[in-house]
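Observations on the model geometry
One-letter residues, chain by chain:
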Amino acid sequence: GESVGLHLPTLSVQEGDNSIINCAYSNSASDYFIWYKQESGKGPQFIIDIRSNMDKRQGQRVTVLLNKTVKHLSLQIAATQPGDSAVYFCAEKMGGGSEKLVFGKGTKLTVNP
Amino acid sequence: DTGVSQDPRHKITKRGQNVTFRCDPISEHNRLYWYRQTLGQGPEFLTYFQNEAQLEKSRLLSDRFSAERPKGSFSTLEIQRTEQGDSAMYLCAGRKGELTDTQYFGPGTRLTVL
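The present account deals with the structure reproduced in this document. All values derive from a computational prediction rather than experimental measurement.

**Let's talk about the side chain of Lys 37 of chain A**
All names here are of chain A. Looking at the secondary structure, you find Lys 37 in strand 4 (residues 32-38). Glu 39 provides the closest opposite charge to the buried, salt-bridge-free Lys 37, at an N-O distance of 4.5 Å. Within the structure, the side chain of Lys 37 is placed 2.7 Å from the backbone oxygen of Gly 83, a separation counted as a polar contact. Those residues within four positions of Lys 37 in sequence are excluded, and the remaining contacts are Gly 43, Pro 44, Gln 45, Ile 47, Gly 83, Asp 84, Ser 85, Ala 86, Val 87 and Tyr 88.

Right, dumping it as structure tokens:
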């Protein structure tokens, strides 16, 4: 069925540490994946995305890794800062002409000073 | 700031009333999406427009829900005969043309049905 899941619902890290947020997806035909950050009361904020023909993509302090063999997606945040505290969602675009993003339930990241 | 605005930001209504929300994307967003998000969950897709054409609708979009994008710019989402289960955050997202799949979200409209 359609589902994008998470390995951990919450993650707590110390300021300055690296964070890794994981996501499992179920549809091997999905052709696009994206990570969003959502702070309380706000809309999701785009972080980074990756197409299915790539394994890795880097942004500023963030890296997304895609493992299509095991249908796994991860978001790495380097030198995590208190401002990174939020809920992080992964989402997949199912392909096959569908435009919708299917979201996971989210991981709440807490950065301790 | 994504440039996507939504109005109102908050709406409280009584069960059975009709409500309408508005989304204003930036002019480059020829594609527009509506999602619904309940507490503790990820957003769920409702519907999608390319310009003024509504090209995809979710099974979640019951006959009480209708969305329009009459001129291919702003969009409205109307819920008729609201139910308590309609209480959620309603999110709008825009996407620029063919070169990117990135959907940029607005701040959302929080609906509370009493």
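**Some words on the interface of chain A and chain B**
Facing the 21 residues of chain A at the interface are 24 residues of chain B. The junction of chain A with chain B conceals about 1600 Å² of combined surface from both sides, 50% of it contributed by carbon and sulfur atoms. Remark: the boundary between chain A and chain B carries 4 salt bridges. At the junction of chain A and chain B, the tally comes to 12 residue pairs in polar contact (both at pLDDT 80 or more). Counting residues per element, the ones that place at least two in the side of chain A that touches chain B are strand 4, strand 5 (45-51), strand 9 (86-95) and strand 10 (98-103) of chain A. The element that contributes the greatest number of residues to the side of chain A that touches chain B is strand 10 of chain A, accounting for 5 residues. Across the side of chain A that touches chain B, the residue classes break down as 8 nonpolar, 6 polar and 7 charged.

**Points about the environment of Ser 85 of chain A**
Residues and elements named next belong to chain A. Mapped onto the secondary structure, Ser 85 falls in the loop between strand 8 (72-77) and strand 9. C-alpha of Ser 85 to C-alpha of Ser 40: the two residues are 45 residues apart in sequence and 10 Å apart in space. Excluding anything up to four places from it in sequence, Ser 85 contacts Lys 37, Glu 39, Leu 109, Thr 110 and Val 111.

**Here we look at the pairing of strand 4 (residues 31-37) of chain B**
Residue and element names in this part refer to chain B. Among the 7 residues of strand 4, 7 are classified as buried, and the element is accordingly described as predominantly covered. Burial along strand 4 is two-sided: the residues Arg 31, Tyr 33, Tyr 35 and Gln 37 and Leu 32, Trp 34 and Arg 36 are all buried. Linkage of strand 4 to strand 5 (residues 44-50), two consecutive antiparallel strands, is achieved through a turn of 6 residues, within which Gly 40 is found at a positive phi near 80°. With 7 bridges connecting them, strand 4 and strand 9 (residues 88-95) associate as antiparallel partners. From the neighbouring strand, Gln 37 faces strand 9, where its bridge partner is Met 89.

**With respect to unusual backbone geometry**
Residues and elements named next belong to chain B. Residue Pro 8 is bonded to the preceding Asp 7 through a cis peptide linkage, with omega at -5°. Note on placement: Pro 8 falls in the loop between strand 1 (5-7) and strand 2 (10-13). Notably, Asn 51 is not glycine yet its phi reads approximately 55°, a positive angle. Checked against the element boundaries, Asn 51 lands in the loop between strand 5 and strand 6 (53-57).

**Thoughts on the state of the cysteines**
Where two cysteines share a covalent bond between their sulfur atoms, that bond is called a disulfide. Considering all chains together, one arrives at 2 disulfides over all chains under this definition. Sulfur-sulfur distance for the disulfide between Cys 23 of chain A and Cys 90 of chain A comes to 1.8 Å. Here Cys 23 of chain A and Cys 90 of chain A share a disulfide; its torsion about the S-S bond, 50°, makes the bridge right-handed. Taken as a pair, Cys 23 of chain A in strand 3 (residues 19-25) and Cys 90 of chain A in strand 9 lie far apart in primary sequence, 67 residues in all. In this pair, the class of Cys 23 of chain A matches that of Cys 90 of chain A, namely buried. Note that Cys 23 of chain B is cross-linked by a disulfide to Cys 92 of chain B, the S-S spacing being 1.8 Å. Every disulfide takes its handedness from the sign of the S-S torsion; for Cys 23 of chain B and Cys 92 of chain B that torsion is -65°, giving left-handed. Of this pair, Cys 23 of chain B sits in strand 3 (residues 19-24) while Cys 92 of chain B sits in strand 9; the two residues are 69 residues apart in sequence, bridging distant segments of the chain. Look at Cys 23 of chain B and you get buried, because its relative accessible area is 0%. Exposure remark for Cys 92 of chain B: the relative accessible area of 0% places this residue in the buried category.

What counts, and at which threshold
Residues numbered from 1 in each chain as written. Chains lettered and ligands numbered in written order. Predicted model: local features only at pLDDT ≥ 70, side-chain atom pairs only at ≥ 80, totals over all residues. Heavy atoms only, no water. Helix = DSSP H or I, 4+ residues; strand = E, 2+ residues; numbered from the N terminus. Buried < 20%, exposed > 50% of the residue type's maximum accessible area, 1.4 Å probe, protein only. Lys, Arg positive; Asp, Glu negative; His and termini not counted. Salt bridge = Lys/Arg side-chain N within 4 Å of Asp/Glu carboxyl O. Polar contact = N/O pair within 3.5 Å; in protein donor to acceptor, adjacent residues only side chain to side chain. Contact = heavy atoms within 4.5 Å. Buried area = accessible area lost by both parts, 1.4 Å probe. Nonpolar A, V, L, I, M, F, W, Y, C, P; charged D, E, K, R; others polar. Pairing = 2+ DSSP bridges. Disulfide = S-S within 2.5 Å.

Remember that the coordinates give geometry; whether it matters functionally is a separate question.
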